Amino acid sequence: MTRPRQFDLIVFDWDGTLFDSTALIARCIQAACADLGVPVPSDERASYVIGMGLIDALQHAAPDLPRERYQELGARYRHHYFARQHEIVLFPGTLEMLQALRARHHWLGVATGKSRRGLDEALQSVQLKGVFDATRTADETASKPNPQMLLELMREFGAEPARTLMIGDTTHDLQLAANAGTAAVGVAYGAHPHENFAGFDTRAVAHSVAELHDWLARHA
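Below is a summary of the structure that appears in this document. (Residues numbered from 1 in each chain as written. Predicted model: local features only at pLDDT ≥ 70, side-chain atom pairs only at ≥ 80, totals over all residues. Heavy atoms only, no water.)

This paragraph deals with unusual backbone geometry. That bond from Lys144 to Pro145 is cis: its omega, 10°, falls within 30 degrees of zero. Among the secondary structure elements, Pro145 is positioned in the loop between strand 3 (134-137) and helix 7 (148-157). Unusually for a residue other than glycine, His105 sits at a positive phi of about 70°. Assignment of secondary structure puts His105 in the loop between helix 5 (94-103) and strand 2 (107-112). When its relative accessible area of 33% is taken as the criterion, His105 is described as partly exposed. (Helix = DSSP H or I, 4+ residues; strand = E, 2+ residues; numbered from the N terminus. Buried < 20%, exposed > 50% of the residue type's maximum accessible area, 1.4 Å probe, protein only.)

In structure tokens, the structure reads:
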């Protein structure tokens, strides 16, 4: 039986790491801002906040909105997102990569800025219900880069930080790993340019799912 070489627990971000959802999320943030008549953030600004909890993300994307209106902005974002979430698909090769990791008996987790409702619906829609051993969302723990969701996942499995790997497409994910004391791998095909990862101690930066799969097969 093949056992994990280095990491017992491998935790993935969701949007922009497993799912090709970056552009849609950015467009929905922009549409929500337009609905409320506030300045529409640029593509870069709207993409930067992906991975945070929704209200934290909207406060960064629309900083001039009165605080009491962020719930309203969040409702408009969810309206646009849930109307189009059927457009989101896994990056090619993702399911095969996850299945290979399960065959090697890694525990697989998700740490995401999505809501519990949003993640559960996504898990159902792509038939991933049995792939992950545990998941955490920002609305039930804390928004990245607060380490709470990653610390909770490690406690659930009794995994040590040295035996845990966080994989994500944003600096929020890499800072989450640093705050929790775990190893990290960045992926360069999501929301943040890979140049932004330079200040973080990453084991690798993968430019495609195939490259990530290969690195995990050789090093995880």
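Picking up after the structure, the text goes on.
What follows is about the nonpolar core. By size, the foremost hydrophobic cluster in this structure holds 56 residues, and its most contacted members are Ile10, Phe12, Trp14, Phe132, Leu212 and Leu216. Looking at which element gives the most residues to this core, the answer is helix 1 (residues 22-36), with 8 residues. With sequence-adjacent residues up to four places away left out, Leu216 is seen in contact with Ile10, Phe12, Met97, Leu101, Arg104, Leu165 and Ile167. Membership of the second largest hydrophobic core comes to 18 residues, among which are Ala134, Leu153, Met166 and Leu176. (Core = buried A, V, L, I, M, F, W, Y, C linked by side-chain atoms within 4.5 Å. Contact = heavy atoms within 4.5 Å.)

It is worth spelling out the sheet that holds strand 4 (residues 164-168) at this point. Across the sheet, 6 strands lie side by side as 3-2-1-4-5-6; this open sheet has parallel pairing. Each having just a single partner strand, strand 3 and strand 6 (204-206) make up the two edges of the open sheet. The mean inter-strand angle of the sheet, taken between neighbouring strand axes irrespective of direction, is 20°. Where strand 4 meets strand 5 (residues 183-187), 4 bridges bridge the pair, whose relative direction is parallel. Its bridge partner being in strand 5, Met166 is matched across the sheet by Ala184. Each of strand 1 (9-12) and strand 2 touches helix 5; the most contacted strand, strand 1, lies at about 160° to it. (Pairing = 2+ DSSP bridges. Axes fitted to C-alpha atoms, helices over the stretch in contact; angles between N-to-C directions.)

Turning to helix 5, a few remarks are in order. Considered for burial, the residues of helix 5 that qualify are Thr94, Met97, Leu98 and Leu101. The arc that holds every buried residue of helix 5, seen down its axis, measures 95°, which confines them to one face. The elements touched by buried residues of helix 5 are strand 1, strand 2 and helix 9 (209-219). Within two residues after helix 5, His105 carries a phi angle of roughly 70°, on the positive side. (Arc of directions from axis to C-beta.)

Let's shift gears to the packing of helix 7 against helix 8 (residues 171-180). Orientation of helix 7 relative to helix 8, taken along the N-to-C sense of each, is 55°, at an axis distance of 9 Å. In terms of orientation, helix 7 lies oblique with respect to helix 8. Our pair here, helix 7 against helix 8, has a crossing hand that is right-handed. On the side of helix 7, the interface is formed by Leu150, Leu151 and Met154, while helix 8 contributes Leu176, Ala177 and Ala180. Taken together, the residues of the contact of helix 7 with helix 8 sort by class into 6 nonpolar, no polar and no charged. (Parallel < 35°, antiparallel > 145°, perpendicular 65-115°, else oblique. Left-handed = near helix turned anticlockwise from the far one by under 90°. Nonpolar A, V, L, I, M, F, W, Y, C, P; charged D, E, K, R; others polar.)

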